[in-house]
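# A structural walkthrough
What follows is each chain in one-letter form.
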Amino acid sequence: MSATTLKSYSKINIGLRILKKRDDGFHDLETIFYPVKLHDEIMIEIERSATGYNSVLLRSNRSFIPLTKDNLCYRAIENFFKIFHVRDCFKISLELKKFIPVGGGLGGGSSNAAAIIKCLVRYFKIDIALHRKKILDLALMIGSDVPFFMVMKPCYAEGRGEKMNVLPDFKIDYDILIINPNLHVSTSWAFEKINMKEESSKKPLMNSVTVFEPDKIDIFVNDFENIVFRKYEVLKTIKEELIEMGAVYSSMSGSGATMFGFFEKGNNSSLMKTRDHYNSKKYFTYISD
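So, here is what we can say about the structure in this document. (Residues numbered from 1 in each chain as written. Predicted model: local features only at pLDDT ≥ 70, side-chain atom pairs only at ≥ 80, totals over all residues. Heavy atoms only, no water.)

Read from one edge to the other, the open sheet built from four strands follows the order β8-β9-β7-β10, with strand pairing classed as antiparallel. Strand pairing shows two members of the sheet lacking a second neighbour, β8 (249-252) and β10 (284-288), which therefore form its edges. Ignoring which end each strand starts from, the neighbouring axes of this sheet average 15° apart. Alignment of strand β7 (residues 175-180) against strand β9 (residues 259-263), held across five bridges, turns out to be antiparallel. Within the sheet, the bridge partner assigned to Asp175 lies in β9 and is Phe263. The sheet contacts of helix α7 (residues 233-244) involve β7, β8 and β9, and relative to β9 the element is tilted by about 5°. In this fold helix α8 (residues 268-279) packs onto β7, β9 and β10, with an angle of close to 160° to the strand it touches most, β10. (Pairing = 2+ DSSP bridges. Helix = DSSP H or I, 4+ residues; strand = E, 2+ residues; numbered from the N terminus. Axes fitted to C-alpha atoms, helices over the stretch in contact; angles between N-to-C directions. Contact = heavy atoms within 4.5 Å.)

Take a look at the structure:
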């Protein structure tokens, strides 16, 4: 039996622009994915099964996490076995310790699935150089953000988010305060509300970005903010308050409902005062450097 604990890290979107609606119903977008230290933990045990069939047992510390075939970890395992033609039978047990807010635009579910795929690649000794495309296709099959979590480096992404260019010089030299006011925003709902006709399109603005420059933050806009803020005004309030309290940049991650702000590393008192302000409201907070 093989047992191990995986760390499953989250991300923020620094800018997220919807460029056009595609014929297949998806949207082309551009964004910069940036990894942060907030993470879930996954305990995984893999052992051969004598029953003649595969089984997956899911447990979680959060009662609202689906522990069925709808869980992205389950789908990652199921599709891995199909794509790589695993013939032997196995019993796989997962315990998901969730710390990343669910439905918060931080990619927790996608990150969990990517962590499982990477673990299975190691366990079954899949040749990454030989099967790189197959592995990334598997990741995209699970979700649009999953390929990024296979890379886990700052990336400019386009298409559905799967076409990525790693940005080796893109470094956030700020403390990142992450805040979620205990809200969940449906990604499918947010995309449905995007008012864009199939024949209209916007040109990318972030495809030439190599570093983060605070004096050029106008290009790092999130097109979902106008939609989500109308329904959840508290998120707009948080964005405005973060700037008032000293953040040099504030935005929503993904389609929400997590907000974040960049604070100067020498401005520790402002950072802590802001965090304490939201802690007093019983909001979720996390500082990633």
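Let's shift gears to the environment of Gly246. For Gly246, the location among the structural elements is in the loop between α7 and β8. Judged by its relative accessible area of 27%, Gly246 falls in the partly exposed class. Residues Gly246 and Thr274, spaced 28 residues apart in sequence, show a C-alpha to C-alpha distance of 8.6 Å. (Buried < 20%, exposed > 50% of the residue type's maximum accessible area, 1.4 Å probe, protein only.)

On to the packing of aromatic side chains, then. Per the counting criterion, the structure on display carries 24 aromatic pairs. Aromatic side chains Phe90 and Tyr123 sit 6.1 Å apart centroid to centroid with 85° between the ring planes, which places their arrangement in the edge-to-face category. One end of the pair, Phe90, is in strand β4 (residues 90-97); the other, Tyr123, is in helix α2 (residues 108-123), with 33 residues separating them in the sequence. Phe90 sits in the buried class, given a relative accessible area of 2%. (Phe/Tyr/Trp six-rings, centres within 6.5 Å; stacked < 30°, edge-to-face > 60°.)

Here the focus is the side chain of Ser111. Relative to the assigned elements, Ser111 resides in helix α2. Relative accessible area serves as the criterion here: at 4%, Ser111 is assigned to the buried category. Within the structure, the side chain of Ser111 is placed 2.6 Å from the side chain of Ser8, a separation counted as a polar contact. Not counting the four nearest positions on each side in its chain, Ser111 is found in contact with Ser8, Tyr9 and Phe149. (Polar contact = N/O pair within 3.5 Å; in protein donor to acceptor, adjacent residues only side chain to side chain.)

Core analysis: the largest hydrophobic core is formed by 40 residues, its most contacted members being Phe80, Ile92, Leu94, Ile116 and Ile117. Listing elements by their share of this core, those giving two or more residues are β2 (27-48), α1 (72-83), β4, α2, α3 (128-142), α4 (146-151) and β5 (155-159). The greatest single-element share of this core, amounting to eight residues, is contributed by α2. Dropping the residues within four chain positions of it, Leu94 is found in contact with Ile42, Met43, Ile44, Leu57, Leu58, Arg59, Cys73, Ile77 and Ile116. (Core = buried A, V, L, I, M, F, W, Y, C linked by side-chain atoms within 4.5 Å.)

Since one α-helical turn is 3.6 residues long, residues separated by three or four positions face the same way. Here α1 contains 12 residues, and its C-alpha end-to-end distance of 16 Å stays within 8% of the 16 Å for a straight helix at 1.5 Å per residue. At its buried positions, α1 is contacted by β3 (55-60), β4, α2 and α3. Between the side-chain oxygen of the N-cap and the backbone nitrogen of Cys73 there are 2.8 Å, and the N-cap of α1 in question is Asn71. His85, located one to two residues past α1, shows a positive phi value of around 50°. (Expected span 1.5 Å × (residues − 1).)

Right, let's get into unusual backbone geometry. A cis amide bond links Gly256 to the next residue, Ala257, at an omega of 10°. For Ala257, the location among the structural elements is in the loop between β8 and β9. Phi is positive for His85, close to 50°, though the residue is something other than glycine. Its location among the elements puts His85 in the loop between α1 and β4. Residues other than glycine seldom take positive phi values, yet Lys125 does so here, at roughly 55°. Along the polypeptide, Lys125 turns up in the loop between α2 and α3.

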